[in-house]
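If you want the building blocks of each chain, they are given just below.
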Amino acid sequence: MSDGRDPAVSAGAPDRESVAPPPSFVAQANVTDPDIYREFDEEWPECWRRAADRLTWTSQYDSVLSTADGIDWFPGGELNASYNCVDRHVEAGRKNHAAIKWEGKLGETRTYTYQDLYREVNAFAAALREMGVEEDDVVTLYMPVLPELVVAMLACARIGAVHSVVFAGFSADALATRMENAGSALLITCDGYYRRGTAVDLKSKADNACLSVSQDVDQVVVDRLEGPSYPGDHRSYEDCIDAHDGEVVEPVARESGDLLFYIYTSGTTGEPTEVRHTTGGYLSHVAWTSHAVFDLEPSDTHWCTADVGWITGHSYVVYGPLAIGATTVLFEGTPDPPGKDRFWEVIERNAVDVFYTAPTSIRAFMKWGEEVPARHDLSSLRLLGSVGESIDATAWEWYHEHIGGGECPIVDTWWQTETGGVMLSTLPGVDEMRPGSVGRPLPGIDAEVVDEFGEEAPTGESGQLVVTKPWPGMPVALREGTDWARTARGDPDDEHWAYSTGDGAVADEDGYVTLLGRLDDVVNVSGRRLGTTEIESAIIGVEGIAEAAVVGGEDDLKGTTIHAYVSPAANVAGTDDLRQQVRAAVEDAIGPVAVPEEITFTSALPKTRSGKILRRYLEAIANGEQPEDTSSLRNPEVVGELESLVDE
Ligand code: PRX
């Protein structure tokens, strides 16, 4: 836990009205028996068979969990993720069922049936093989939300290659760091994408990244802009498909613990954190939660609005819904522009059953007014979901009333890149909902709120959320007990094993958990996770900057905005030009998403006597509040300077 941000032992969980799921929902729900919690508890870890058995294994696993050498879920089992997400649905006679409905940025639409997906995944898998991609090679994917991205993910999985999807909004430097770390020698990208109606170049960012890594990188380029072909030495995605159309590539049997993908997230160090997810455990976890939490059936159309580049997109745009055999909506756009009706048009046009989005979007919809969704027929919706940050009771009520027509349960799902799939949520066919609280740990998941000594915090007192038993979707580092997984302590057989989530939380008398925000140097901007240390390193790289501290300020719409307190070197003035350089440095190092909203120059940063930056103090300033306690400051002379900002 970082300086000065131990969970305050204070606030109790606010009293909330509970909302029961409507009987019409319960009548059709996948999971309706409240005994599931007790059963999973009594049968742990055997209970997780119910998740694994939603998949098709080519070799049955020997046991559910082994802790003999690290943590191994479903050891001895073999399976292929692409087979589970594509072939088996074709074999089951649903070849002409829609797998993907793509909604392009310019309003274009494309539908892929499971047969179409089968054909294209096979063709691209054959092309990857021809390019020399072998089992366990890491292939980097860098493009917006296009069907070709999903095809490339599944084609990698088919041949046992490991994908690493990098969010297209990240910079060339961020892409290069990730390719270098993964030792990736192949990049699948596209020429560009559209933003506010104009074409934005992506290929030159891809080229710059390839030039700056130490390995040679081949490129395959998807033609998104349908413009003149791009110069340079690369293959065209469309040519790859044409050349291998109709070929069949046998899905490679992967051991349960073999890697499915790398994904990078922001941690507390200056470098992105590499998270590696496995085939059997991860896929079981996301297939199970798609069934139990999102209540998905093959006949459903599921729309998760997240970008595929983030974990939410991996798990609940791609792997979960496709493992179930449902239809997944792939949405390239943003809620606006054009117009403010985009989301509701997509729901109406595709008759979406389950809609999953982030509170930041819901707050924007509220601002635009309830008359916007009221113009559309949203009656196809059966269930709503929320993820990425806490949804306050007001936004919850609005979502429930104006999008769900007062009839759809809402699942507020808590999880992380590290957990792979949902960990805490209500089961919509079983549990009552409490607006603002995510609910209890799912059946089979053991998590609790602990105080600073690792002891369970009394009901109503805040502490840190920790997961106290292994779970199938856990990443490799946690299984091996290495690298960043220092956050997990103890031996898995030991009753004190725990993974610290970095989130503050409080549980009520029924075990319903309310999240209170991060306790470490991670901020959540519009549901996107960024490390303040990473942003600070970029700022400090600017010539003439001595020190920087980045904190999150509260924001009505985005949840959090980034505030940078920057101290220029002696004799360097904090000019607009320097401010511009700071912005550009962050954009180059990470991407526009991380550029600070506010940059404040100050002669020094407030520090404790031991020299740590007092972030809590800066957070108060960022939020326009008078910081309470300045007694622990080593350099109280900065107080006047910073506090005058509050009065401005
Ligand atoms: O702080 C929690 C917040 O998002 C963090 C995880 O971010 P990331 O790894 O990018 O994954 C985002 C989507 C799974 C968590 O540590 N968070 C996620 N879901 C919720 C949440 N905070 C409150 N309520 C949630 N439902």
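This write-up is about the structure you can find in this document. Each residue is numbered by its place in its chain's sequence as written, counting from 1. Note on the predicted model: pLDDT of at least 70 is required for a residue's local features to be given, and 80 or more for side-chain atom pairs to be given and counted; whole-chain, interface and lining totals, by contrast, use all residues. Processing note: side-chain calculations cover all non-hydrogen atoms of the structure and skip hydrogens and water entirely.

## Focus: the overall build of the protein chain
Here a helix means four or more residues in a row that DSSP labels H or I, a strand means two or more in a row labelled E, and each is numbered from the N terminus. Across its full length, the protein chain holds 20 helices and 30 strands. For 648 residues, the compact-globule estimate of 2.2 N^0.38 gives 26 Å, and the protein chain sits close to it at 24 Å. With the principal axes as the frame, the protein chain shows a C-alpha extent of 75 × 60 × 60 Å. Looking at the protein chain as a whole, 60% of its 648 residues are labelled buried. Atoms counted for the radius of gyration: C-alpha only. Globule rule: 2.2 Å times the number of residues to the power 0.38. In this scheme, a residue with accessible area under 20% of its type's maximum is buried, one over 50% is exposed, and one in between is partly exposed, where area comes from a 1.4 Å probe on protein chains only.

## A word on the site of the ligand
We call a residue near a given molecule or strand whenever any one of its heavy atoms falls within 4 Å of it. Not every one of the 18 residues close to the ligand is listed here, only the nearest: Thr-413, Thr-417, Asp-503, Arg-518 and Arg-529. Here a nitrogen atom of the ligand and a backbone polar atom of Glu-389 are 3.3 Å apart. Within the side chain of Thr-417, one N or O atom sits 2.5 Å away from an oxygen atom of the ligand. To measure how exposed things are, a 1.4 Å probe is used in the Shrake-Rupley method; for residues, cover is taken only from the protein chains shown. Surface burial for the ligand is 96%, taken as the share of its 540 Å² of free accessible area covered by protein chains. Contributions of two or more residues to the shell around the ligand are made by helix H11 (311-324), strand S20 (410-413) and strand S25 (513-518). Here the term charged refers only to Asp, Glu, Lys and Arg, the term nonpolar to Ala, Val, Leu, Ile, Met, Phe, Trp, Tyr, Cys and Pro, and the term polar to all other amino acids, Gly among them. Taken together, the residues of the shell around the ligand break down into six nonpolar, seven polar and five charged. By the criterion applied in these results, polar contacts are pairs of N or O atoms within 3.5 Å in which, for protein atoms, one can donate a hydrogen and the other can accept it, and in which residues neighboring in sequence qualify only through two side-chain atoms.

## Some points on a negative patch on the surface
On the surface, Glu-17, Glu-370, Glu-371, Glu-397 and Glu-401 cluster together to form a negatively charged patch. When you line up the elements, Glu-370 lands in the loop between helix H13 (359-368) and helix H14 (371-374). In this scheme, patches are assembled from residues that exceed 30% relative accessible area and form no salt bridge. Like charges are connected within 9 Å, while nonpolar side chains (Val, Leu, Ile, Met, Phe, Trp, Tyr) are connected within 5 Å. Should a side-chain nitrogen of Lys or Arg be within 4 Å of a carboxyl oxygen of Asp or Glu, the pair is scored as a salt bridge. The convention is simple: Lys and Arg are positive, Asp and Glu are negative, and His and the chain ends are not counted. Charged side chains are reduced to one point each, which is NZ for Lys, CZ for Arg, CG for Asp and CD for Glu.

## Describing the pairing of S25
At least two bridges found by DSSP between two strands is the condition for calling them paired. As paired elements, strand S24 (residues 498-507) and S25 share five bridges and run antiparallel to each other. Note that in S25 the partner of Val-506 across the bridge is Thr-514. In textbook terms, the turn of a hairpin is the stretch between consecutive antiparallel strands, and for S24 and S25 this stretch comprises five residues, one of which, Gly-511, has a positive phi near 85 degrees.

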